[in-house]
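# Analysis of the macromolecular model
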Amino acid sequence: MKFTKPAWVMHKGKYSSKTDHDTKRLSIFSIHVHPDGSRIATGGLDAKIRIWSTKPILNHASELSNRPPKSLCTLSMHTGPVLTIRWAHSGRWLASGSDDEIVMIWDLDPSGRGKVFGSNEVNVEGWKPMKRLPGHESDVTDLAWAPEDRYLASVGLDSVILVWCGYTLERLRKLDQHQGFVKGVCWDPVGEFMATQSDDKTVKIWRTTDWQLEAEIRKPFEDSPGSTFFRRLSWSPDGAHITASNATNNKGFVFIAAVITRGTWTSEISLVGHENTVEVAAYNPHIFLRNPASPIATSNICSVVALGADDRSISIWQTKSARPLIVAREVFERQIMDLSWSWDGLTLYATSSDGTIAVFHFDPEELEGIAPHSAQQQYLHKFGFISPPTPEGYSHGTFANSTTAASASRITPPPSPNRAQSQSQLQSTFSALNGINGAEHVNKLVAKKSNKKRVQPTLMSSVPSASILPLASASALPSSASALGSRAFQVPEIPRSRQPSHSASPVPSPRTYDADVEMGGPMDMDVPIDALDTSASGANKGKRKASVLDMPEDRPSKPRTLGGDRPREMIPVREIASTSLVSARPHLFEGADPLPVPPLLTFLSANVEGSDCIFEARNSEGDGPTEVTFADGKQTLWLDYLPSPVLALTASTTFCAAATQDGSVNVYSHTGRRLMATLSFGSPCAMLHGSKLALMILTASGQLSSINVKNATSFFPPTSVAPLLSSSPNCTILSATIRHNGAPMIQCSSGIAYTYDAQLFTWTKLCERWWAEGSDVWQGRQRANKDKDVLNSIESGISVAAGVPASHKERPAWWNTALTLGHLESKLHAAKALDSGAEYKQALLIYARKLADEGFRAKAEELIKELFGPIFWRPGGRDDSWTPTVAGMPKRDLLREVLSVFARSKTLTKLALDWQDTLKKASSDDLL
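Residue positions are given per chain, counted from 1 along the sequence in the order it is written. Reporting in this predicted model follows two pLDDT cut-offs: at least 70 for local features of residues, and 80 or more for side-chain atom pairs to be given and counted; totals over whole chains, interfaces and linings ignore these cut-offs and use all residues. With hydrogens and water excluded, all non-hydrogen atoms of the structure serve as input to the side-chain values.

## Side note on the overall build of the protein
Inclusion rule: Runs of E in the DSSP output that reach at least two residues are strands. Runs of H or I that reach at least four are helices, and both are numbered from the N terminus. Partly exposed residues are those whose accessible area sits between 20% and 50% of the maximum for their type, while under 20% is buried and over 50% is exposed, using a 1.4 Å probe and protein chains only. Every residue pair with non-hydrogen atoms within 4.5 Å of one another is taken to be in contact. For every accessible area listed, the method is Shrake-Rupley and the probe measures 1.4 Å; residues are considered covered only by the protein chains on display.
Of the regular secondary structure elements, the protein holds 14 helices and 50 strands. Burial statistics for the protein: of 928 residues in total, 55% are counted as buried. Contacts in the protein between residues far apart in sequence, at least 24 positions, make up 57% of those at least 6 positions apart. When the accessible surface of the protein is totalled, it reaches about 40400 Å², and 52% of it is carbon and sulfur.

## Section: the pairing of strand β21 (residues 241-249)
Heads up, the condition is: Note on pairing: two strands pair once DSSP finds at least 2 bridges between them.
Where burial is concerned, most of β21 is hidden: 7 out of the 9 residues are buried. Hairpin connection from strand β20 (residues 234-235) to β21: 5 residues lie between these consecutive antiparallel strands, with G239 at a positive phi of about 75 degrees. Bridge count between β21 and strand β22 (residues 254-261): 7 bridges; the pairing is antiparallel. Residue pairing for β22: A247 is matched across the bridge by I256. Adjacent in sequence and paired antiparallel, β21 and β22 are bridged by 4 residues, among which N250 carries a positive phi angle near 55 degrees.

## Focus: the pairing of strand β2 (residues 28-33)
Taking burial as the measure, the 6 residues of β2 include 6 buried ones, the bulk of the element. In terms of strand pairing, β2 meets strand β3 (residues 39-44) through 5 bridges, oriented antiparallel. For S30, the partnering residue across the bridge sits in β3 and is G43. Connecting β2 to the antiparallel partner β3 that follows it, the hairpin turn spans 5 residues, and G37 within it adopts a positive phi of roughly 75 degrees.

## Description of the sheet that holds strand β11 (residues 127-133)
How we decide: Between the N-to-C directions of two axes lies an angle of 0 to 180 degrees, each axis being a line fitted to C-alpha atoms and, for a helix, fitted only over the stretch in contact.
Pairing is antiparallel across the open sheet formed by 4 strands, whose spatial order is β6-β7-β8-β11. Edge positions in the open sheet fall to β6 (82-87) and β11, since each of these has one partner strand only. The sheet shows a mean angle of 25 degrees between the axes of neighbouring strands, taken without regard to direction. Pairing between strand β7 (residues 93-98) and strand β8 (residues 103-108): 5 bridges, direction antiparallel. Directly across from S96, in β8, lies its bridge partner M104.

## Description of the pattern of salt bridges
Where side chains of opposite charge bring their charged atoms close, a pairing between them can arise. For the record, the criterion: Salt bridge, as used here, is a side-chain nitrogen of Lys or Arg placed within 4 Å of a carboxyl oxygen of Asp or Glu.
One pass over the full model with this rule turns up 29 salt bridges. Linking D188 and R262 is a salt bridge whose minimum nitrogen-to-oxygen distance equals 2.8 Å. Here the residue D188 occupies a position in the loop between β16 (182-187) and β17 (193-198), and R262 occupies one in the loop between β22 and β23 (267-272), the gap between them amounting to 74 residues. Taken together, the salt bridges that share partners define one network made up of R86, D142, R232 and D338.

## Considering the nonpolar core
The test is simple: Buried residues of nine kinds, namely Ala, Val, Leu, Ile, Met, Phe, Trp, Tyr and Cys, make up a nonpolar core once their side-chain atoms join them within 4.5 Å.
Formed by 48 residues in total, the largest nonpolar core has its most connected members in I794, Y840 and F902. At the level of elements, β48 (762-768), α9 (790-797), α10 (815-833), α11 (837-854), α12 (857-868), α13 (891-903) and α14 (909-927) are the ones that each hand at least two residues to this core. A per-element tally of this core places α11 first, with 8 residues. With sequence-adjacent residues up to four places away left out, Y840 is seen in contact with L828, A831, K832, V886, A887, M889 and L894. The next biggest cluster of nonpolar side chains, apart from the first, holds 22 residues, and it includes I316, L346, A350 and I370.

## Some words on the side chain of S905
Going by this rule: Contacts described as polar in this section are N or O atom pairs within 3.5 Å, which, within protein, must combine one atom able to donate a hydrogen with one able to accept it, while residues neighboring in sequence count only if both atoms come from side chains.
As for its placement among the helices and strands, S905 is situated in the loop between α13 and α14. Here L908 takes part through its backbone nitrogen, which lies 3.1 Å from a polar atom of the side chain of S905.

## Focus on the sheet that holds strand β45 (residues 733-738)
Strand order in this open sheet of 4 strands is β45-β46-β47-β48, and the pairing throughout is antiparallel. Unpaired on one side and paired on the other, β45 and β48 mark the two borders of the sheet. Sheet twist, expressed as the mean angle between neighbouring strand axes with direction ignored, is 25 degrees. In the sheet, strand β46 (residues 744-748) pairs with strand β47 (residues 752-757) via 2 bridges, with the strands oriented antiparallel. When the bridges of β47 are listed, I746 appears paired with Y754. Of the strands in this sheet, β46, β47 and β48 touch α9, which is tilted by about 15 degrees from β46.

## Some thoughts on the packing of α10 against α11
Which entries qualify depends on this criterion: Angles are sorted into four bins: roughly parallel if under 35 degrees, roughly antiparallel if over 145, roughly perpendicular if 65 to 115, and oblique for all others. Handedness of a crossing is defined here by the sense of rotation of the near helix relative to the far one, left-handed for an anticlockwise turn of less than a right angle and right-handed for a clockwise turn.
Put simply, α10 and α11 touch, their axes get as near as 9 Å, and they point 155 degrees apart. Considering their axes alone, α10 and α11 lie roughly antiparallel with respect to each other. Crossing of α10 against α11: the hand is left-handed. In this structure, α10 uses T817, T820, L821, L824, E825, K827, L828, A831 and K832 to contact α11, whose residues at the interface are E839, Y840, A843, L844, I846, Y847, K850, L851 and E854.

## Re α12
Quick note on the threshold: In a helix, the anticipated span is given by 1.5 Å times the number of residues less one. Working note: the arc is built from the helix axis to C-beta atom directions.
Here α12 contains 12 residues, and its C-alpha end-to-end distance of 16 Å stays within 8% of the 16 Å for a straight helix at 1.5 Å per residue. Those residues of α12 that fall on the buried side of the exposure criterion are A860, L863, I864, L867 and F868. The buried residues of α12 all sit within an arc of 125 degrees when viewed along its axis, so they share a single face. Away from its buried face, by an angle of more than 90 degrees, α12 presents the exposed residues A858 and E862. Directly beyond the C-terminal end of α12, a positive phi value near 80 degrees is found at G869.

## Digging into the packing of aromatic side chains
Cut-off, in case you're wondering: Classification of ring pairs rests on two measures: the distance between centres of Phe, Tyr or Trp rings, Trp counted by its six-membered ring, which must be within 6.5 Å, and the angle between planes, read as stacked under 30 degrees, edge-to-face over 60 and tilted in between. Counted as over-ring charges are cases with an Arg CZ or a Lys NZ within 6 Å of the ring centre that also lie within 35 degrees of the ring normal.
Applying the stated criterion across every chain, the model contains 22 aromatic pairs. Judged by centre distance (6.2 Å) and plane angle (40 degrees), the ring pair of W814 and F856 falls under tilted. Of the two residues, W814 is situated in the loop between α9 and α10 and F856 in the loop between α11 and α12; the sequence distance between them amounts to 42 residues. Here F856 falls in the partly exposed class, since its relative accessible area comes to 22%. In this structure an aromatic cluster arises from ring pairing among F615, F630, W638 and Y668. A cation over a ring is seen here: K70 above W8, with NZ or CZ 5.8 Å from the ring centre. Between the NZ or CZ atom of R892 and the centre of the ring of F868, over which it lies, the distance is 4.3 Å.

## Some remarks on the confidence of the model for the protein
Put simply, the rule is: A residue's pLDDT is the predictor's confidence in that residue, given on a scale from 0 to 100.
Summary statistics for the protein give a mean pLDDT of 79 and a share of 76% for residues scoring 70 or more. Under a pLDDT of 50 for its full length, residues 16-21 has, in the predicted model, 14 contacts with residues more than four places off or in other chains. For residues 579-590, every residue scores under 50 in pLDDT, and the model assigns this stretch 9 contacts once sequence neighbours within four places are set aside.

## Here's the deal with helix α3 (residues 373-380)
Taken together, the buried positions of α3 are H373, A375, Q376, Y379 and L380. Each buried residue of α3 sits inside an arc of 155 degrees when the element is viewed along its axis, so together they form one side.

## What to know about the packing of α11 against α13
Keep this limit in mind: Three categories are distinguished: nonpolar for Ala, Val, Leu, Ile, Met, Phe, Trp, Tyr, Cys and Pro, charged for Asp, Glu, Lys and Arg, and polar for the others, with Gly belonging to the last.
Where α11 meets α13, the closest approach of the two axes is 9 Å, and the angle between their N-to-C directions is 30 degrees. Relative to α13, α11 is oriented roughly parallel. As α11 packs across α13, the resulting crossing turns out to be right-handed. Here Y840, K841, L844, L845, A848, R849, L851 and A852 of α11 come into contact with α13, specifically with L894, E897, V898, V901 and F902. Residue composition of the contact of α11 with α13, grouped by class: 10 nonpolar, no polar and 3 charged.

So, in structure tokens, the structure goes:
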């Protein structure tokens, strides 16, 4: 096995430069390999989809030569983080789902190459948004194409499954039986069923014949953790099992992946060993033979499945063995988000929220018993399931005749191939399927040179819109260069001949295409991985590259800035021993400071979120000056000198600040202009943090200030943190940060997080360890996005190890219900204080669902009245005691969703229907 982590595969911030040094990596949520193995697509927090060539990942020589280019294309039509991406089985389309509630279908755009508007990136191949599929009302978390691309399923946080036609892309069904966020979907390889997994702690099996529920599996998920990023499940290629993530044994104390058996729909097999929640499961697309010498039969078939978990490890299992084949521990710094096997079954790609990917490449001997895809197709016929007919005039890639192939262009018109040539290619391909000459036959379809300077491609087996090679065709790679049989990944000797080649590889790789095959020869073929080389002549090739990539003389010179002519220098970080402040402070203050002062270091730095810019400070160990600089990559943009050594730095998207040893704070814009007069607090800064326009300073004397940098005002008068430290013995402050609305977040060692309420003039609790003792919605075990899921992040930071009651301790009958409701009510107040709208809505709907389940009518009615407000309220009216919004969202819009939850319950239906009528009348009156 060969393992690699290509550092150049990354999603950068909005203002990233060409260099990758010190670049902040953004989370990558999804990864998927193209069916031909030539490229991977990744979706990330930057709301972009990036397409990368796989050859530089697997071939070191290709990586060094940058041929083919590493980055092929960047797609940026989504407006929210891209949570899932999936290539169609035909390879012609790419589907993506995002936080912006949209599913997008992308198709190859031959004219879409060139520089990306507004950035330094270059697209060497173009992909265009072919169709936008709206319908979800919240984040789209997972996608899956059905066998032969007959359907596309999308699931999301609106608890809904949408089924789309894989040919016309019209919406066919909306399934809403789940009672929680749906976070995983997969298809039966036979085509008979679809499986989905949800936060309602069930896996549901749906029939594709009538889209009704076939089965519901609850048992292994009853005690699973409350929430994960995803619950990605996978169906084995022999159709016999589903491996589902986020399952537990032993009342939730053992994290497992549950293996569900087809037909009985029970889970009697568990994959045990991970130390935290299993987030994703992915089956190898090949079936495996227990005894390769024996014929294909149910008793002789097994599968290989990979698991990725929140413990940052990946395990690979073969179902014939009780122990995993491989366990790779601490592959990433954060949890695994997605896994994808290449179509040849020999390469596994994994991605993590730390912004990196990992690649495991196997030799065929290491995965013993791997069988060709034709064996799988032959085996699946035993189920006897007949798929419904395709819509008239539509097909995707495996055609029965050339007429159908031509008609496929109705979806995305490709250049018309020669009909006679297409017919002969198909005949030879299908004769290979019938076993002529005792081996599978490979057809390598190559573009022909046209009279124009642009290339007119013919039928091709990789990305373009009209691929016609059948699923069972063999690898087009020469055996010496095949990723299946080459350990060293040597660049092959390339024959000039255009004749179809035969692969000697033991494992067929359908639609596999060596993107570098023609790089040394004439440029008369459409090479999608190296699209910049598709020019008619060598001279043209050079001119094209120069015009796109090599234009330093065309760029304007950089404007002059303070210190901008000086290159950025790195100095070693050492602690500086200083006694001047220690000797002076006892004369200024009585008693010891409640908070420790940060150590004085020679070098400090703070990254600007979403860009490559860095704010740095250099303290002299002698009598030299203290210097602060603002740099982008290796270049200094501006600098300044300060009279006192710097103790702490912070940098937000709009400003940067430096706190010095004499108790002062200097605030700068990103151009180096001082935004405020130097602030003096009379005590050194213990903690400093900025978020957007808000700046928090916590001094060693315990005084906390929250400042609006834009308006140069304070969000509330300076207040002391002494009440927090005196709440329990030996209490210390672990972290102090600020929200964009000026609300501080103080996390203490006592297991309690606080914020300051400017209206009540007092500290309030955001979260505490107490809720872990009985709340059903406690998120303490989960990792969360600190920017988006701030409350979940706080819960994750609170240790639940100490003080958690033993499982055998008896509790009152209403214990869990009381703590769950109390926790949710506390969470609503906390989300409101921190202006976290998404978390407020999430907690509100869970709270409404809990009230409905318990049938607490009085609480439900009080909640409804609070959200509805005065019946005759009008904007700008005299009654200002009620505000129409909460956490940035209209209360009555939230009420509609709450009432829909109540309406589905058994006890609150009448209450919900009455208030829905009232809300409808109030809305119609507002329109009048």
